[in-house]
Amino acid sequence: MSDPAKQIGPGLAIAIVAGNMIGSGVFLLPAVLASVGSASLIAWGVAAMIAIVLALVFAFLGALRDGGESLTDYPGTAFHPALGFLAWAAYWGACFVGIAAIAVVAVGYGAAVFGVKLDALPRLIAILALLWALVGCAVLGPRFVGQMSSATLAVGLAPIAGAIVIGFAGFDADIFAASWNVSGASLGAALPPMLISIFWAFLGLESANAIAGRVRHPKRNIAIAAAGGVGLAAVVYALATTALFGLMPAAELAQSTAPFADVIGSVAGPVAGVAVACAAFARTVGCTASWILVAGETGQAGGRRGFLPKAVSSTAPGAAPVRDLIFIGVLMSLVALVTVSPDLVKQFTTIADLTVYLTLLVYLLCAAALIKFSGVLAAGPMRRVAQGLGLAGAAAAAWVAFAAFTA
């Protein structure tokens, strides 16, 4: 367990959870979803309901289990150590793969600040520089990263709030309607593949559990962080996406590497567009830093259980995960290198979809673990609620992966 003086409270825990969600997802996904159009809001609603169920799964897990457990301990404790390793490996992989996707978005908005379009090689260099700078920040500790995430969350919410206000003030129902379904396929065929991309925006609902050892009073605060973080993100996503589809045609959104900056710039002028790009860049940088912290903590948790060699994992009691963070830096760099593409949105989608599949596997295993752990509750309504949430969470995670993979 960490030194209590260095642990974080519920406010910073909520900032990390909400901050890990309100990042690259909300800032780039409108461009990804524009291939279908404004009808993708239906899939947003479905994904939000599933995310709320999963957030409640993790809230129950945080309340029922020893707060010293990490996220990936649950399946191993409930069933078999092999499932604990599988959950850890999937989540750890999702962390270092997904961080590269967030960095892609950050660099896209950074380029928009300067009004330039980066080709593949300059973008790769910028991504690597950003990742290693933020690895250095994570070495400074969770409090520094939590404060960075909290500060950039406030900055990042400003353009989103501005887009919501401007979007609904100038909302054009004709543009929204014309962009309803531009895919040429039926909604039944067009929407399921979108679920994987949309669910990227809800990854992070489990972040407080992943850093449980660094959270003060974890049995109470993990539940607060999980429920509060996903609720905030769901409301923001619904309003912001609706606003953008009411201001810019889907065909134009699909070509954008910085949709919020482009939309606000087209309505309020280029200076406003640059301001939005600056704020979005700051938010995605804060989001990247938070996820690097989570990845380091996850790697260290695995190292202490023998999943990683000591050469790459800081396993001494109370040790900061310095080696883990450096190793994560190397792995993130490799992901950025092998996925480099002339098309920024394509590079982001490739990395993000793989991340979601890995994370859904972890969610399924943890939801199943809740069913097992619910046996410690006295027979009655609370036990039935916990069992119902576990069943619903496992089924929902499996369905999202299956629906997208078979579409």
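Attention here is on the structure that accompanies the text.

How each quantity is defined
Residues numbered from 1 in each chain as written. Predicted model: local features only at pLDDT ≥ 70, side-chain atom pairs only at ≥ 80, totals over all residues. Heavy atoms only, no water. Salt bridge = Lys/Arg side-chain N within 4 Å of Asp/Glu carboxyl O. Helix = DSSP H or I, 4+ residues; strand = E, 2+ residues; numbered from the N terminus. Axes fitted to C-alpha atoms, helices over the stretch in contact; angles between N-to-C directions. Parallel < 35°, antiparallel > 145°, perpendicular 65-115°, else oblique. Left-handed = near helix turned anticlockwise from the far one by under 90°. Contact = heavy atoms within 4.5 Å. Nonpolar A, V, L, I, M, F, W, Y, C, P; charged D, E, K, R; others polar. Patch = residues over 30% accessible without salt bridge, like charges linked within 9 Å, V, L, I, M, F, W, Y side chains within 5 Å. Areas by Shrake-Rupley, 256 points an atom, 1.4 Å probe, with all protein chains shown as cover. Phe/Tyr/Trp six-rings, centres within 6.5 Å; stacked < 30°, edge-to-face > 60°. Buried < 20%, exposed > 50% of the residue type's maximum accessible area, 1.4 Å probe, protein only. Core = buried A, V, L, I, M, F, W, Y, C linked by side-chain atoms within 4.5 Å.

As for the pattern of salt bridges
- Counted under the stated rule, the structure contains one salt bridge.
- Across the pair Asp73 and Arg305 runs a salt bridge whose closest N-O atoms are separated by 2.9 Å. Of this pair, Asp73 sits in helix α4 (residues 73-78) while Arg305 sits in the loop between α15 (270-304) and α16 (322-338), placing them 232 residues apart in sequence.

Considering the packing of helix α3 (residues 40-64) against helix α10 (residues 192-199)
- Where α3 contacts α10, the two axes come as close as 9 Å, and the packing angle between them is 55 degrees. With respect to each other, α3 and α10 are oriented oblique. The chirality of how α3 crosses α10 is right-handed. For the pair α3 and α10, contact is made by Ser40, Ala43, Trp44, Val46, Ala47, Ile50, Ala51 and Leu54 and by Leu195, Ile198 and Phe199, respectively.
- For the contact of α3 with α10, a count of residues per class yields ten nonpolar, one polar and no charged.

Overview of a nonpolar patch on the surface
- On the surface, a cluster of nonpolar side chains totalling about 670 Å² of accessible area is made up of Trp132, Val139, Val322, Ile326, Val330, Leu334, Leu337 and Val338.
- Contributions of two or more residues to the nonpolar patch are made by α6 (120-139) and α16.
- By residue number, the principal contributor to the nonpolar patch is α16, which donates six residues.
- Structurally, Leu334 can be placed in helix α16.

Considerations on the packing of aromatic side chains
- Scanning the entire structure with this criterion turns up 19 aromatic pairs.
- Ring centres 6.1 Å apart and planes at 45 degrees place the aromatic pair Phe199 and Phe202 in the tilted group.
- Arranged with centres 6.5 Å apart and planes meeting at 70 degrees, the rings of Phe199 and Tyr363 form a pair that is edge-to-face. In this pair, Phe199 sits in helix α10 while Tyr363 sits in helix α17 (residues 344-373), placing the two residues 164 residues apart along the sequence.
- Using a relative accessible area of 1% as the deciding quantity, one classes Phe199 as buried.
- Residue Tyr363 is classed as buried on the basis of its relative accessible area, which comes to 0%.
- Taken together, the ring pairs connect Trp44, Phe58, Phe199, Phe202, Tyr237 and Tyr363 into an aromatic cluster.

Structural notes on α10
- Within α10, seven of the eight residues are buried, which leaves it mostly tucked inside the rest of the structure.
- The set of residues buried in α10 consists of Pro192, Met194, Leu195, Ile196, Ser197, Ile198 and Phe199.

Here we look at the nonpolar core
- Residues Phe202, Phe260 and Phe348 are the most contacted members of the largest nonpolar core, which totals 139 residues.
- Residues in contact with Phe202, not counting those within four places in the same chain, are Met21, Trp44, Ala47, Ala48, Ala51, Val230, Ala234, Tyr237 and Tyr363.

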